[in-house]
Amino acid sequence: MNASLDKAYWIGLAISVVLPVLVGLVTKHVTHAGVKAVLLLALSTLNGFLVELANPGPDYDLGTAVLLSLVAFATGVLAHFGLWKPAGVSDRAQSALGGGAPVRSV
């Protein structure tokens, strides 16, 4: 069995890793975590549907688009908690566009 993915799927996966940083750029430090999660879910859904639209296959498959959206959301959450937050990129992204100072816990 030879499995291969089209370029659109790889680009969608790369975008889903960067989506948490984008959410950080457009939100502030005081924004509720639930709002950030819903925004990430919305962007992941858009990503999944656009990747399926860009796929050079014969027709549009709604089930594949939904599955790609879920994979993009899971990848975004994992990238946020496993890569961007520990490295401090999330705090810097939120501070970049006037998001205020990072909240420091004592």
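Refer to the structure printed above.
Note on numbering: residues in each chain are counted from 1, in written sequence order. The predicted nature of this model means local features are confined to residues of pLDDT at least 70 and side-chain atom pairs, given and counted, to a pLDDT of 80 or more, with totals for whole chains, interfaces and linings taken over all residues. Hydrogens are left out, water is left out, and the side-chain values use all remaining heavy atoms of the structure.

(A) Local environment of the packing of helix α3 (residues 62-87) against helix α4 (residues 89-96). Axis angles are defined between N-to-C directions and span 0 to 180 degrees, where every axis is a line fitted to C-alpha atoms and, for a helix, only to the segment in contact. For the purposes of this entry, the term helix denotes a DSSP run of H or I that reaches at least four residues, the term strand denotes a run of E that reaches at least two, and both are numbered from the N terminus. Two elements in contact, α3 and α4, have axes whose closest approach is 4 Å; the angle formed by their N-to-C orientations is 65 degrees. Taken together, the axes of α3 and α4 lie roughly perpendicular to each other. In this structure, α3 contributes His80, Trp84, Lys85 and Ala87 to the contact, and α4 contributes Val89, Ser90 and Arg92. Any residue that is not Ala, Val, Leu, Ile, Met, Phe, Trp, Tyr, Cys, Pro, Asp, Glu, Lys or Arg is counted as polar, Gly included; the first ten are nonpolar and the last four charged. Of the residues in the contact of α3 with α4, the class split is three nonpolar, two polar and two charged. An angle below 35 degrees is read as roughly parallel, one above 145 as roughly antiparallel, one from 65 to 115 as roughly perpendicular, and any other as oblique. Throughout, a contact is declared for two residues whenever any of their heavy atoms are within 4.5 Å.

(B) Representation of helix α2 (residues 33-54) within the structure. Helix span is expected to be 1.5 Å times the residue number reduced by one. Over its 22 residues, α2 runs 31 Å from end to end, which matches the ideal 32 Å to within 8%, given 1.5 Å per residue. Any residue under 20% of the maximum accessible area for its type is buried, any over 50% is exposed, and the rest in between are partly exposed; the area is computed with a 1.4 Å probe on protein chains only. Among the residues of α2, Lys36, Leu40, Ser44, Asn47, Gly48, Val51 and Glu52 are the ones counted as buried. Down the axis, α2 shows its buried residues gathered within 135 degrees of arc, on one side only. Among the exposed residues of α2, those oriented more than 90 degrees off its buried face are Val38 and Leu53. As for α2, its buried residues are in contact with α1 (7-26), α3 and α4. To obtain the arc, one takes the directions from the helix axis to the C-beta atoms.

(C) Region of the structure containing the packing of α2 against α3. Contact geometry of α2 with α3 gives a least axis separation of 7 Å together with a crossing angle of 135 degrees. Compared by their axis directions, α2 and α3 come out oblique. Considering the relative orientation of α2 and α3, their crossing is right-handed. Packed against α2, whose contacting residues are Ala37, Leu40, Leu41, Ser44, Thr45, Asn47, Gly48, Phe49, Val51 and Glu52, the element α3 presents Leu62, Thr64, Ala65, Val66, Leu68, Ser69, Ala72, Phe73, Gly76 and Val77 at the interface. Helix crossings get a hand from a simple test, with the near helix turned counterclockwise from the far one by less than a right angle marking a left-handed crossing and a clockwise turn marking a right-handed one.

(D) Molecular detail of the layout of surface pockets. Counted as a void, the largest pocket has a volume near 580 Å³. A 1.4 Å probe that fits but cannot get out identifies a cavity on a 1 Å grid over protein atoms alone, an open set with protein on both sides within 12 Å along at least five of seven lines counts as a pocket, and a residue lines either if it has an atom within 4 Å of a point. Lining the largest pocket are 21 residues; nearest its centre among them are Lys36, His80, Lys85, Ser90 and Gln94. When grouped by side-chain class, the residues that make up the lining of the largest pocket number 11 nonpolar, seven polar and three charged. Grid points are joined across faces, edges and corners, and a volume is the space filled by probe spheres set on the points. Here the second largest pocket defines a volume of roughly 180 Å³. Lining the second largest pocket are Leu5, Tyr9, Trp10, Gly12, Leu13, Ser16, Asn47, Gly48, Val51, Leu68, Val71 and Ala72. Put simply, the parts of the chain that give the lining of the second largest pocket at least two residues each are α1, α2 and α3. Considering every element that reaches the lining of the second largest pocket, the biggest residue donor is α1, with five residues.

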